[in-house]
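This is what each chain is made of:
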Amino acid sequence: MAANAQSIILHQYDISPFSEKVRVVLGIKGLDWFACDEPVIMPKPELTALTGGYRKIPVMQIGADIYCDSQIIIRELERRFPSPSIHAGSDNGTGWGIAMWTDRVLFQAAVAIIFGGGTPLADEAFIKDREKLTGRPFDIEGMKAAAPMMAEQFRAQLGWLEEQLSDGRAFLPGDNPGLADASAFYNLAFVRWTSPNGVKVIESFPGVAAWEKRVAGIGHGNRQEVSREDALDIAKATAST
Ligand SMILES: N[C@@H](CCC(=O)N[C@@H](CS)C(=O)NCC(=O)O)C(=O)O
């Protein structure tokens, strides 16, 4: 079936860690959705036409309604598709608090390990693009110097996950996967895709490595593809709700 005005369209790219967080939530909820692949660097003319200039990934589109930022996307998915809840086995605030940790502190450690370890992802065009985005130098040499220390930061934080899982629970909140799992997992996935050194750190935690397999096993729901042109046409032909 082709995408239409009711379809969930996720503007993303496969190696985007924040997209992986949303893809896992789509998996937890068992939803049908369409991936609309966007470029990793600017220009992104179809995306910015939808968002009014926001260039980051992921962005969710349902008809002409556009949701920027993974937190807002996940909140909207929870509102529209409450069952199963991303808060199952947890209170509603805890997952968001954990996500703030994973999206900032844990993510920064993962980024330093990945880019400080050398990755083909960081070619000249990518570095220039990210420097324009942040207005700061993309300091590969600084990240290289910080990588060993950040690997230890990463190790310490994975230790918290190991501790949480040490009573034999399947997922971070308990029997059912939720926001905390999606949020922690995407950082490990990003490291796995790009950093053999980081993988060694993950593998040193047996409980975390086993949990990671369980989260990967949830999958991403039912994914189909939609082109950027078709996604834009859907928005043009629809009124915002
Ligand atoms: N707070 C945002 C962060 C999103 C983010 O930083 N995404 C990265 C890719 S994972 C990005 O867009 N990088 C710049 C780009 O792709 O243009 C969220 O949670 O969605």
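Whatever comes next refers back to the structure up there.
For clarity, every value in this text was computed on a predicted model and none was experimentally measured.

Asker: Explain the site of the ligand here, please?
Answerer: Around the ligand, 14 residues are found, and the nearest of them are Tyr 13, Lys 44, Arg 55, Ile 57 and Ser 70. At a separation of 2.8 Å, a nitrogen atom of the ligand approaches a polar backbone atom of Ile 57. In this structure, Asp 69 approaches the ligand through a side-chain N or O atom, which is 2.9 Å from a nitrogen atom. Those elements that provide at least two residues to the shell around the ligand are helix 1 (17-29) and helix 5 (124-134).

Asker: Quick question: what am I supposed to make of the sheet that holds strand 2 (residues 32-37) here?
Answerer: With mixed pairing, five strands are arranged side by side in an open sheet as 4-3-1-2-5. Two strands bound the open sheet, and with one partner strand each, they are strand 4 (65-68) and strand 5 (222-225). Each neighbouring strand pair of the sheet contributes to a mean axis angle of 30°, computed without reference to strand direction. Across the sheet, helix 3 (residues 70-80) lies against strand 1 (9-12), strand 3 (59-62) and strand 4, angled at about 130° from strand 4, the strand it touches most.

About the criteria used
Residues numbered from 1 in each chain as written. Predicted model: local features only at pLDDT ≥ 70, side-chain atom pairs only at ≥ 80, totals over all residues. Heavy atoms only, no water. Near = heavy atom within 4 Å. Polar contact = N/O pair within 3.5 Å; in protein donor to acceptor, adjacent residues only side chain to side chain. Helix = DSSP H or I, 4+ residues; strand = E, 2+ residues; numbered from the N terminus. Pairing = 2+ DSSP bridges. Axes fitted to C-alpha atoms, helices over the stretch in contact; angles between N-to-C directions. Contact = heavy atoms within 4.5 Å.

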